[in-house]
Amino acid sequence: METGRSLPFARRRHLLGLLVGIPLAATTPAALRQGGERPAMKIGIIGAGNIGGTLARLWVKAGHRVMLSSRHPEQLTELARQLGPLANVGTPAEAAAFGDAVLVAIPYGSYPQLGRSLGGALAGKVVLDAGNPTSSRGPELADEVRANGIGATSRKYLGNPRLVRAFSNLGSGILAREANRPPPRLAMPILGDDREALDLASRLVSDAGFDPVVIGTLERAADTAMGGPLSGVQTTAAELRRRLGLN
Ligand SMILES: NC(=O)c1ccc[n+]([C@@H]2O[C@H](COP(=O)([O-])OP(=O)(O)OC[C@H]3O[C@@H](n4cnc5c(N)ncnc54)[C@H](OP(=O)(O)O)[C@@H]3O)[C@@H](O)[C@H]2O)c1
């Protein structure tokens, strides 16, 4: 499990490097430009690193409000400043309370600790779960994930939210590079057991710049986890549906 300040700080420097030079126009709320057909949402981001920072930028670009969170929120002030007025900063508990939906993008081994520190704030919330247990980051949960599945394991440690697995299958560099590419956009397979949560997650995946494809329930969530058959697969929604036999 990761602790302390040194690594996150290094990652934030990297993220800030990616964000420097984003023209102001790029953060003009697209939802507002579209005449506000769909109201902007509030998204809590728990884990504002490679994945969380990248998605925060994409969602701000789409006009959503984000709360970036950290156990050391003061370290995120500069990142939020760069993202503009739609971004603010808080603790993980504050981000959980803030979000109409919450992205969890922290090392998998930190899930039990996060669940304890949130004190049930995620219960019933729509949570997009990008986490992957890896040998270096969360090996202690790997056996449980193998036995019970990653969907059930995430749901257990995150306090029984309305969980959707999303953004776990592609690297953050790919997300940053391929988001909103000219059609056909890149597909993002998502899984969940709750129809409304899947609808909301689909909207957020789309607003981040990808074509959501609901490929099943949490039972088959291993498909998009690291090492699963869809891990690293970059394809279109039509091709993904064809490959999986979905209509
Ligand atoms: N990187 C990728 O390309 C990629 C792709 C697909 C899936 N994933 C998965 O997505 C997750 C995040 O990966 P990442 O590369 O974005 O990680 P990262 O850059 O290392 O960022 C993780 C963030 O989690 C926060 N964190 C760590 N422990 C925490 C805790 N106990 N409570 C609250 N926050 C905590 C850290 O913030 P503070 O220390 O400031 O609190 C840190 O900023 C991982 O599970 C990874 O396997 C990553």
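Each value, and the rule that gives it
Residues numbered from 1 in each chain as written. Predicted model: local features only at pLDDT ≥ 70, side-chain atom pairs only at ≥ 80, totals over all residues. Buried ≥ 20, exposed ≤ 12 C-beta atoms within 10 Å, placed from the backbone. Helix = DSSP H or I, 4+ residues; strand = E, 2+ residues; numbered from the N terminus. Arc of directions from axis to C-beta. Contact = placed C-beta atoms within 7 Å. pLDDT = per-residue confidence, 0-100.

I tried to follow helix α6 (residues 111-118) on my own but got confused; where do I start?
Structural remark: α-helix, 3.6 residues per turn; residues separated by three or four positions point the same way. Within α6, the full set of buried residues consists of Tyr111, Leu114, Gly115 and Leu118. Projected onto a plane normal to the axis of α6, the buried residues spread over an arc of 100° and lie on a single side. One or two residues past the end of α6 sits Gly119, with phi positive at roughly 55°.

Looking at this model, I keep getting lost on the environment of Gly159. Mind explaining?
For Gly159, the position within the fold is in the loop between α8 (150-157) and β6 (162-165). Here Gly159 falls in the partly exposed class, since 19 other C-beta atoms lie within 10 Å of it. As a C-alpha pair, Gly159 and Leu118 span 41 residues in sequence and 8.4 Å in three-dimensional space. Apart from the residues within four sequence positions on either side, Gly159 is in contact with Gly115, Leu118, Gly120, Leu122 and Ala123.

Looking at this structure, I do not really get the confidence of the model for the protein. What am I missing?
Detailed reading of predicted coordinates is not advised where the pLDDT is low. When the pLDDT values of the protein are averaged, the result is 88; 85% of them are 70 or greater. pLDDT under 50 marks residues 1-11. Its contacts with residues more than four places away, or in other chains, come to 14 contacts. In the model, residues 16-35 has pLDDT below 50 throughout and makes 26 contacts with residues more than four positions away in sequence or in other chains.

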